[in-house]
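Topology and contacts: notes
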Amino acid sequence: MIKTPLCDLLDIEFPILQGGMAWISDAQLAAAVSNAGGLGIISSMNADENWLRLEIQKCKSLTSKPFGVNVMLMNPHVDKIAQVLIDEKVPVVTTGAGNPGKFMKLWIDAGIKVIPVVPSSGLARYSERAGATAVIAEGGESGGHVGELATMPLVPQVCDVVSIPVIAAGGIGDGRGIAAAFMLGAVGVQLGTRFLVAHETNVHENYKDKIIKAKDIDTTLTGRSLGHPVRCLKTTFAKDFIKAENDPSTLNETLEEFGRGALRIAAQEGDSQKGCFMSGQIAGLIHEKASVNEIIIKLVKETEIALTGGTQWIK
Amino acid sequence: MVFEKVVEILRNYKDEPELEVTMESSFEGLELDSLDTVELVMEIEEAFDTSIEMDGSLKTIGDVVGLIEKAIA
């Protein structure tokens, strides 16, 4: 059994969060993760408040366990989204793509536990001061929008400057990764790519197949020149995007247009010519599709083995 | 007085003792990204033992100085 203070804090069985992945993490996946003892998280991506309200209500109909919503702070509907979370009494909110300062007090006063995703120790410290329940220190090994630091240096540096629980994310795909995160000082983990291939995940089968087929060297970063790098699989789309990005005559507007809708195309249509298949570097660790419940049970077992095995080096 | 202290913290942060700074200097112009801004504003807050709202409306050194002056008035 793996238990940390995060379990009591979030009222979950295992300290495992499922990352909010745009166009991927819907009510069905979130509810499945929560029902399996982790914390499922719905991604509100760029959606409007009406879509999110229905998704939250669907999640509540599928699970009685706590779940969360990830808020992308650059979402144009973010003010209305913030209110829906309060109206629907969502237990946990994670935030990404910015500084949640503006909404922290509002959510905390409503009894919501706020867990910002942070790419630096400064933002972690700031989040703690603003009342965050915990922080997710996410390294650039993760899929989707990434920061500069890798998980290995980021997590202990965040742990050193905050006293709230730290959840590690980025580059964690199995129990060895979870055990390593604990050694760095984290008391929980967030996994995205690992859950992408779950039976309960509503994405095109091509997406799941590509993750399973991927090796360690099969992800790349697009969008560096735009200031918001995105980790995805090296598909035709990614290669074309990087080619355009490296061409000095390409305008930023052209690149933005190139990438628009590409994640939706990947998730719903599975089209590798036009779709952006976001994925973490751990894709190469994933060899099979499974149910969420099987994934979580396996992760917990592997973590126990890794943590127990670690003591063999103490002589 | 607030401005001078902010400039001192900024020069120290960037490790550039001669850095030219005015009230109009923008974070972007000073090559400070959003994560630098969070770090820097927290250092400034701690120096003045106060806190200011960091909601994305902070664009220039003058914005920070103005909010600090208001907070410690």
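Residues numbered from 1 in each chain as written. Chains lettered and ligands numbered in written order. Predicted model: local features only at pLDDT ≥ 70, side-chain atom pairs only at ≥ 80, totals over all residues.

Topic: the sheet that holds strand 1 (residues 16-18) of chain A
All names here are of chain A. Taken together, eight strands build an open sheet; the order of strands is 1-9-8-6-5-4-3-2 and the sheet is parallel. With partners counted over all chains shown, the strands left at the sheet margins are strand 1 and strand 2 (40-43), one partner each. Adjacent strand axes in the sheet meet at a mean angle of 25 degrees, parallel and antiparallel pairs treated alike. Of the pairings in the sheet, the one linking strand 6 (residues 135-138) to strand 8 (residues 166-169) comprises four bridges and is parallel in character. Its bridge partner lying in strand 8, Glu138 is registered against Ala169. Helix 2 (residues 27-35) rests against strand 1, strand 2 and strand 3 (67-72) of the sheet, and its axis sits at about 165 degrees to strand 2. (Pairing = 2+ DSSP bridges. Helix = DSSP H or I, 4+ residues; strand = E, 2+ residues; numbered from the N terminus. Axes fitted to C-alpha atoms, helices over the stretch in contact; angles between N-to-C directions. Contact = placed C-beta atoms within 7 Å.)

Describing the sheet that holds strand 10 (residues 219-222) of chain A
All names here are of chain A. Pairing is antiparallel across the open sheet formed by three strands, whose spatial order is 7-11-10. Two strands bound the open sheet, and with one partner strand each, they are strand 7 (144-145) and strand 10. Bridging between strand 10 and strand 11 (residues 230-233) involves four bridges; their strand directions are antiparallel. Bridging from a neighbouring strand, Thr222 pairs with Val230 of strand 11.

Comments concerning the interface of chain B and chain A
The figure often quoted for interface size is the accessible area lost as the parts come together. The interface is formed by eight residues belonging to chain B together with nine residues belonging to chain A. A breakdown of the residues in the side of chain B that touches chain A according to their chemical character gives four nonpolar, one polar and three charged. (Nonpolar A, V, L, I, M, F, W, Y, C, P; charged D, E, K, R; others polar.)

A few points about the pairing of strand 6 of chain A
Residue and element names in this part refer to chain A. Across the two faces of strand 6 the burial is the same, with Val135 and Ala137 and Ile136 and Glu138 all buried. Examined bridge by bridge, strand 5 (residues 113-118) and strand 6 share two bridges and lie parallel to one another. Among the inter-strand pairings, Val118 is bridged to a residue of strand 6, identified as Ala137. Handedness of the strand 5-helix 6 (residues 121-129)-strand 6 crossover: right-handed. (Buried ≥ 20, exposed ≤ 12 C-beta atoms within 10 Å, placed from the backbone. Right-handed = clockwise from strand over helix to strand, strands pointing away.)

Things to note about helix 2 (residues 34-48) of chain B
The end-to-end C-alpha separation of helix 2 of chain B is 21 Å, in line with the 21 Å expected for 15 residues at 1.5 Å each. For helix 2 of chain B, the set of buried residues is Thr37(B), Val38(B), Leu40(B), Val41(B) and Ile44(B). Looking at the buried positions of helix 2 of chain B, the neighbouring elements they touch are helix 6 of chain A together with helix 1 (2-14) and helix 3 (61-72) of chain B. Of the residues flanking the end of helix 2 of chain B, it is Asp49(B), one or two places downstream, whose phi is positive at about 55 degrees. (Expected span 1.5 Å × (residues − 1).)

Here's the deal with the domain arrangement of chain A
Residues and elements named next belong to chain A. Split by domain assignment, chain A resolves into domain 1 (5-202 + 287-313) and domain 2 (219-278). When each unit is reduced to the centre of its C-alpha atoms, the spacing between domain 1 and domain 2 is 25 Å. Tallying the contact residues gives nine residues for domain 1 and ten residues for domain 2. Its residues placed into classes, the side of domain 1 that touches domain 2 shows five nonpolar, four polar and no charged. (Domains from an automatic or database assignment.)

Quick word on the nonpolar core
Note that soluble globular proteins tend to have their nonpolar side chains buried in a common cluster. All names here are of chain A. The biggest cluster of nonpolar side chains holds 113 residues, and the ones touching the most others in it are Val135, Ala137, Val166, Ile167 and Val189. At six residues, helix 2 tops the list of elements feeding residues into this core. Residue assignment places this core across two domains, with domain 1 (5-202 + 287-313) and domain 2 (219-278) each supplying three or more. Contact partners of Val135, with chain neighbours within four places excluded, come to Ile115, Pro116, Val118, Ala124, Ser127, Val158, Val162, Ile164, Val166 and Ile167. (Core = buried A, V, L, I, M, F, W, Y, C linked by C-beta atoms within 7 Å.)

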